[in-house]
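Tertiary structure, described
For reference, the chains in residue letters:
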Protein chains: 2
Amino acid sequence: MSDGLNMKEIKRPERATADTVAKMAGVSRVAVSRAFNPHASLKKEKRDLILKISKDVGYTPDMAARALVTRRSHLVGVIVPDVCSPWESQEIDALTTALQTEGFATLLFKTRTDQSMDERLLTYMKGFNLDSIIAFAENIGPETLANALDRAVPIYVTYPQNGVSPIASGSTAVFDRLDVNQQTGIGQAVALMQAYGCTKFAYLGGAKTSLANIERERALRQILKDRGLPDPVIIAGDFTYETALTSTLDLFKMGEGVDGIFSANDVGAFGVIDALRFKLGLRIPEDVKVVGFDDIAQAGWLSYNLTTVKIDLDDRVRALVRLILRRLKNPTAPAMVETLETRLIVRGTVGS
Amino acid sequence: MSDGLNMKEIKRPERATADTVAKMAGVSRVAVSRAFNPHASLKKEKRDLILKISKDVGYTPDMAARALVTRRSHLVGVIVPDVCSPWESQEIDALTTALQTEGFATLLFKTRTDQSMDERLLTYMKGFNLDSIIAFAENIGPETLANALDRAVPIYVTYPQNGVSPIASGSTAVFDRLDVNQQTGIGQAVALMQAYGCTKFAYLGGAKTSLANIERERALRQILKDRGLPDPVIIAGDFTYETALTSTLDLFKMGEGVDGIFSANDVGAFGVIDALRFKLGLRIPEDVKVVGFDDIAQAGWLSYNLTTVKIDLDDRVRALVRLILRRLKNPTAPAMVETLETRLIVRGTVGS
């Protein structure tokens, strides 16, 4: 399939060395090394001069060689689902931007369809000498992950129940934590739905293995109970639009229907909304109130205008970057924890 | 912020060597190396045995050391916009899955907000010794990119005009190409819009620097002209929902309005649809017909049910993977090209 158009040789700049640059800049070899490490302190003028001369002579430190010496790969791994939904995509995007600013690149490792990790992938992961990795307990446990890492201490995202993280104890492997308090925002959602007259709730679940989903359901049940409201009807979901649509149809056509639906995520809520409007001829919020979870960008689109529970993405990314940097500064420190709150974003699907 | 819970030491497996594994498996050192290289041929039973023993003794080849020897990093770079829209996110997701199957990991490099590349990032990129990189001419030219790569021959995604790629010639640097023929699907869209009665068209543009957008507008103008239809009204867009919404409002409130709107991407089309329905009280398709571009997953959501131009994502990813693998097999071959067609996906926003 070659078109024979670009037959010329690539012009390669000469491979200058760190010594060349040191000599030309009138600095030590160590200073040259420090100039390329954003975390090493060096006078600004010195760094600028070294970088300028390096550019002129075409010198770049070889990351692979540096990695063997400094044992820093500048790579942060993220374990992501086999198919990423808008929420994961948003998170990967924001995290990549923040990490790039700090001098790291993001490496994505995908799970299998059953959410477990392929063992060959873990072997392969170890060879990358990651500086850090963001993981989820339903995909891989801390001990297994520790075996797949060389030096890095992983960060687990967890979903505390009443303030207690389910994976904080019982592990021999050290890991840092990002705890997400989903309960707060869910509590605000139920309060609003009740205030607007909901008496019969349904919970459209997410993927069964998702710990975030398991905790969302538990929190919803507890909050309804605390408010003297009946248990929710549980309808089957998997975080996708299509399953949400069919489950909602089943609920109203084969079941008794409800007046309030809490969806495990926004994408599912869109399926609920479309089922109610286009297939069942029901109005939102007048006939049925709908709440989602995530506050992805699409939640604000007028066709959905979804009231939903938000985990602030900027806060989340900043917390993850803090954990990564603090851990790299203190490799042997005890486990570190950052906590995120959730809150309700009120739009038009509950009431006005 | 440590909670003092995980105070135990990490248990590290002994760092066994390739020689250890070779001895235990009764094979040569070379065979051990081949076992970890998915592209090297080795009897399945031999490979399985070596991998099993390696796992038992905790041996993994150090990617950094291997990279220096084999000069293969198993990393594929992708240049992506500073903020990724659903289209880029879908593509990154599908590409990561396909590359992981082939033994590569995806490294994302983000542009600046003006779509250019930060020079320090390019310096940093070179250190990663990428096996391949997927790039776009509006972000970085082939010569600049070649200077930021060690061995890799990049792949440029291009948008031919009437079958001729605008960046095929005039460059001293070798690069492979993925040519996307946007014209075909756009032609089908205009045909359908005209068949359903459109006489006055608008084009909601994408980001001004986007070569994909520039070619979409050119193709639309040419197709309208060929069909004896008037030039399109151009309304300002940038691939986002919000700008599409306000531009559509301006078009109908301050301008004369049109009966057919072609949006540079699906996300913009959603903004157009919501402006027409929720702000202008117009019906789609009865009053205004709307067509998008991309066929992202959300285009099929019932609230939008968008007729749109599709670049088949699976085809695109397979073509990119083919280019990557063929180039790695043939480092000095002349430039290689894969071509993708587009086609119209008919849903409900043009007519029934």
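Right, let's walk through the structure included here. Please read these numbers as outputs of a predicted model, since none were measured by experiment.

Definitions and cut-offs
- Residues numbered from 1 in each chain as written.
- Chains lettered and ligands numbered in written order.
- Predicted model: local features only at pLDDT ≥ 70, side-chain atom pairs only at ≥ 80, totals over all residues.
- Heavy atoms only, no water.
- Helix = DSSP H or I, 4+ residues; strand = E, 2+ residues; numbered from the N terminus.
- Buried < 20%, exposed > 50% of the residue type's maximum accessible area, 1.4 Å probe, protein only.
- Contact = heavy atoms within 4.5 Å.
- Areas by Shrake-Rupley, 256 points an atom, 1.4 Å probe, with all protein chains shown as cover.
- Lys, Arg positive; Asp, Glu negative; His and termini not counted.
- Charge placed at Lys NZ, Arg CZ, Asp CG, Glu CD.
- Disulfide = S-S within 2.5 Å.
- Salt bridge = Lys/Arg side-chain N within 4 Å of Asp/Glu carboxyl O.
- Axes fitted to C-alpha atoms, helices over the stretch in contact; angles between N-to-C directions.
- Parallel < 35°, antiparallel > 145°, perpendicular 65-115°, else oblique.
- Left-handed = near helix turned anticlockwise from the far one by under 90°.
- Nonpolar A, V, L, I, M, F, W, Y, C, P; charged D, E, K, R; others polar.
- Core = buried A, V, L, I, M, F, W, Y, C linked by side-chain atoms within 4.5 Å.
- Phe/Tyr/Trp six-rings, centres within 6.5 Å; stacked < 30°, edge-to-face > 60°.
- Pairing = 2+ DSSP bridges.
- Right-handed = clockwise from strand over helix to strand, strands pointing away.
- Expected span 1.5 Å × (residues − 1).
- Polar contact = N/O pair within 3.5 Å; in protein donor to acceptor, adjacent residues only side chain to side chain.

**Overview of the overall build of chain A**
Each helix and strand counted, chain A has twelve helices and eleven strands in total. Its C-alpha atoms give chain A principal-axis dimensions of about 80 × 55 × 40 Å. Expressed as a percentage of the 352 residues in chain A, the buried residues total 56%. In chain A, 67% of the contacts between residues at least 6 apart in sequence involve partners at least 24 apart. Working note: accessible area of chain A is about 14,600 Å², and carbon and sulfur atoms make up 53% of it. Side chains of chain A give 43 positive and 42 negative charges; the mean places of these two sets differ by 7 Å.

**So, unusual backbone geometry**
Looking along the chain, the bond that leaves Ile 284 of chain A and enters Pro 285 of chain A is cis, with omega of 10 degrees. By the secondary structure assignment, Pro 285 of chain A is in the loop between α11 (266-279) and β9 (289-294). In this model, Gln 115 of chain A sits at a positive phi of 80 degrees, which is unusual for a non-glycine residue. Along the chain, Gln 115 of chain A falls in the loop between β2 (105-110) and α6 (119-126). In the Ramachandran plot, Phe 239 of chain B falls in the positive-phi region, its phi being about 75 degrees despite a non-glycine side chain. Considering the arrangement of structural elements, one finds Phe 239 of chain B in the loop between β7 (233-235) and α10 (241-253).

**A few points about the state of the cysteines**
Here a disulfide denotes a covalent bond joining the sulfur atom of one cysteine to the sulfur atom of another. If you walk through the whole model with that rule in mind, you get zero disulfides over all chains. The structure places no disulfide on Cys 84 of chain A, whose sulfur is separated from the nearest cysteine sulfur, that of Cys 84 of chain B, by 12 Å. Using a relative accessible area of 12% as the deciding quantity, one classes Cys 84 of chain A as buried.

**Side note on the environment of Val 321 of chain B**
Residues and elements named next belong to chain B. Assignment of secondary structure puts Val 321 in helix α12 (residues 313-329). On the basis of relative accessible area, Val 321 is assigned to the buried category, the value being 8%. The sequence separation of Val 321 and Tyr 203 amounts to 118 residues, and the corresponding C-alpha distance is 33 Å. Discounting chain neighbours no more than four positions away, the residues touching Val 321 are Ala 98, Leu 99 and Glu 102.

**Let's talk about the pattern of salt bridges**
When the charged atoms of two side chains lie near each other, side chains of opposite charge can form a pair. Residues and elements named next belong to chain A. Under the counting rule described, the total for this entry stands at 34 salt bridges over all chains. With a closest N to O distance of 4.0 Å, Arg 29 and Asp 19 form a salt bridge. Of the two residues, Arg 29 sits in helix α2 (residues 29-35) while Asp 19 sits in helix α1 (residues 18-25), which places them ten residues apart along the sequence. In this structure, the salt-bridge partner of Arg 151 is Asp 131, at a minimum N-O distance of 2.8 Å. In this pair, Arg 151 is assigned in the loop between α7 (142-147) and β4 (155-158) and Asp 131 in the loop between α6 and β3 (132-135), connecting sequence segments 20 residues apart. Residue classification places Arg 151 among the partly exposed positions, given a relative accessible area of 21%. What you see here is one network of salt bridges that share partners, running through Asp 295, Lys 310 and Arg 347.

**Observations concerning the packing of α10 of chain B against helix α11 (residues 266-279) of chain B**
Residue and element names in this part refer to chain B. It is at 7 Å that the axes of α10 and α11 come closest, and there the two elements cross at 45 degrees. By the angle class used here, α10 and α11 are oblique. For the element pair α10 and α11, the recorded crossing hand is right-handed. Each of Tyr 241, Ala 244, Leu 245, Thr 248, Leu 249 and Phe 252 in α10 lies in contact with α11, whose residues at this interface are Val 267, Gly 268, Phe 270, Gly 271, Val 272, Asp 274, Ala 275, Leu 276 and Lys 279. The class makeup of the residues in the contact of α10 with α11 is ten nonpolar, three polar and two charged.

**Looking at the packing of α1 of chain A against helix α3 (residues 44-57) of chain A**
Residue and element names in this part refer to chain A. Their axes nearest at 9 Å, the elements α1 and α3 cross at an angle of 125 degrees. Compared by their axis directions, α1 and α3 come out oblique. Crossing of α1 over α3 shows right-handed handedness. Note on element contacts: α3 touches α1 through Leu 49, Ile 50, Ile 53, Ser 54 and Val 57, opposite Val 21, Met 24 and Ala 25.

**A word on the nonpolar core**
The nonpolar side chains of soluble globular proteins are, as a tendency, buried together. Ile 261 and Phe 262 of chain A together with Phe 262 of chain B are the most contacted members of the largest nonpolar core, which totals 149 residues. Apart from residues lying up to four places away in sequence, Phe 262 of chain B is in contact with Ile 186, Ala 189, Met 193, Ala 202, Tyr 203, Leu 204, Leu 220, Val 291, Gly 292, Phe 293 and Val 309 of chain B. Counting 44 residues, the second largest nonpolar core, distinct from the first, contains Leu 107 and Met 125 of chain A together with Leu 121 and Met 125 of chain B.

**Regarding the packing of aromatic side chains**
Residues and elements named next belong to chain A. Counted under the stated rule, the structure contains 15 aromatic pairs over all chains. Ring centres of Tyr 203 and Phe 262 lie 6.1 Å apart, and the angle between their planes is 25 degrees; this geometry places the pair in the stacked category. Here the residue Tyr 203 occupies a position in strand β6 (residues 201-204), and Phe 262 occupies one in strand β8 (residues 260-263), the gap between them amounting to 59 residues. Accessibility expressed as a relative area gives 0% for Phe 262, which makes it buried.

**Looking at the pairing of β9 of chain A**
All names here are of chain A. Counted residue by residue, β9 has six buried out of six residues, so it is predominantly covered. Bridge count between β8 and β9: three bridges; the pairing is parallel. Residue pairing for β9: Ile 261 is matched across the bridge by Val 290. Handedness of the crossover joining β8 and β9 through α11: right-handed.

**Observations regarding helix α10 (residues 241-253) of chain A**
For α10 of chain A, built from 13 residues, the straight-helix expectation of 18 Å at 1.5 Å per residue is met to within 8% by its first-to-last C-alpha distance of 18 Å. Looking at the buried positions of α10 of chain A, the neighbouring elements they touch are β6, β7 (233-235), β8 and α11 of chain A.

**A look at the side chain of Ser 116 of chain A**
Residues and elements named next belong to chain A. Looking at where Ser 116 falls in the secondary structure, it is placed in the loop between β2 and α6. Of note is the side chain of Ser 116, whose polar atom sits 2.7 Å from the side chain of Asp 114. Once residues lying within four places of it in the same chain are set aside, the contact partners of Ser 116 are Thr 111 and Asn 139.

**Examining helix α5 (residues 86-101) of chain A**
All names here are of chain A. For α5, spanning 16 residues, the distance from its first C-alpha to its last is 23 Å, which sits close to the expected 22 Å at 1.5 Å a residue. Among the residues of α5, those classed as buried are Trp 87, Ser 89, Glu 91, Ile 92, Asp 93, Leu 95, Thr 96, Leu 99 and Gln 100. Immediately downstream of α5, the backbone of Gly 103 shows phi near 90 degrees, a positive value.

**Re the environment of Thr 342 of chain A**
All names here are of chain A. With respect to the element layout, Thr 342 can be found in strand β11 (residues 337-345). Filtering out sequence-adjacent residues up to four positions away, Thr 342 remains in contact with Val 180, Asn 181, Gln 182, Gln 183, Thr 184, Gly 185, Phe 293, Val 309, Lys 310 and Ile 311. In terms of polar contacts, Thr 342 uses its side chain to reach the backbone carbonyl oxygen of Gln 182, at 3.3 Å. At 3.0 Å, the side chain of Thr 342 forms a polar contact with the backbone nitrogen of Gly 185.

**What about the pairing of strand β9 (residues 289-294) of chain B?**
For β9 of chain B and strand β10 (residues 307-311) of chain B, the ladder comprises four bridges, and the chain directions are parallel. Of the residues in β10 of chain B, the one forming a bridge with Asp 294 of chain B is Lys 310 of chain B.

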